[in-house]
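Secondary and tertiary structure notes
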Amino acid sequence: MHDVSYANKIVAALVAQGVPKGAAGRAVVKVSLSPFSHVKPERLKETARVIAGSEGYQNMALEVRTASFTISCSSCGRESEHREAVFSCPHCGSTSFNLKPYEEFCIDSVENKEG
Ligand SMILES: [Zn+2]
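First things first, this report covers the structure right here in the doc. Within any chain, residue numbers begin from 1 and follow the written order of that chain's sequence. Where totals are concerned, whole chains, interfaces and linings use all residues; where local detail is concerned, this predicted model gives features only for residues with pLDDT of at least 70, and gives and counts side-chain atom pairs only at 80 or more.

1. Observations regarding the pairing of strand β3 (residues 69-73)
Heads up, the condition is: We call two strands paired when DSSP finds no fewer than two bridges between them. The helix count covers DSSP runs of H or I at least four residues long, the strand count covers runs of E at least two residues long, and both are numbered beginning at the N terminus.
Sheet topology note: the β3/strand β4 (residues 79-82) ladder contains four bridges and is antiparallel. Directly across from threonine 70, in β4, lies its bridge partner glutamate 81. Pairing of β3 with strand β5 (residues 97-99) involves three bridges; the strand directions are antiparallel. Within β5, the position partnered with isoleucine 71 by the bridge is leucine 99.

Listed below in structure tokens is the structure:
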């Protein structure tokens, strides 16, 4: 049910940005979704479309990008940033590394396209 809570956050962001409801309300929302999230981008788009639509934001366009994450290598101590699954440290090839804390979902921007 994470997709619903993410969609509700998107609606809250539209309200916070003062995007008008109804036909005049045009907005582009950009969000990041962790590759480790159980929510798939298509699922989030569909849920957000339904929930935002039911709140009066029929013209909301959602762009979902894959959030990057950082691993910290246990062997060489270096960190590296990734957007796709990683199986070894890109610096030394070690398979011993830790995943740094990350956000599963983040709203990057809300563009109010009113008028
Ligand atoms: Zn390393």
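On we go.
2. Re the sheet that holds strand β6 (residues 105-112)
What counts, and what does not: Fitted lines through C-alpha atoms serve as axes, helices being fitted only where they are in contact, and the angles separating the N-to-C directions of these axes extend from 0 to 180 degrees. A pair of residues counts as a contact when their C-beta atoms, built from backbone coordinates, are within 7 Å of each other.
Across the sheet, which stays open at both edges, the three strands sit in the order β2-β1-β6 with mixed pairing between neighbours. In the strand order of this sheet, the two ends are held by β2 (59-66) and β6, each with one partner. Here the average twist between neighbouring strands, direction ignored, is 20 degrees. Note that strand β1 (residues 26-33) and β2 share eight bridges and pair parallel. Directly across from alanine 27, in β2, lies its bridge partner methionine 60. Across the sheet, helix α1 (residues 2-16) touches β1, β2 and β6, and the angle it forms with β6 is around 30 degrees.

So, to be careful, I would describe these as geometric facts and stop short of saying anything about function.
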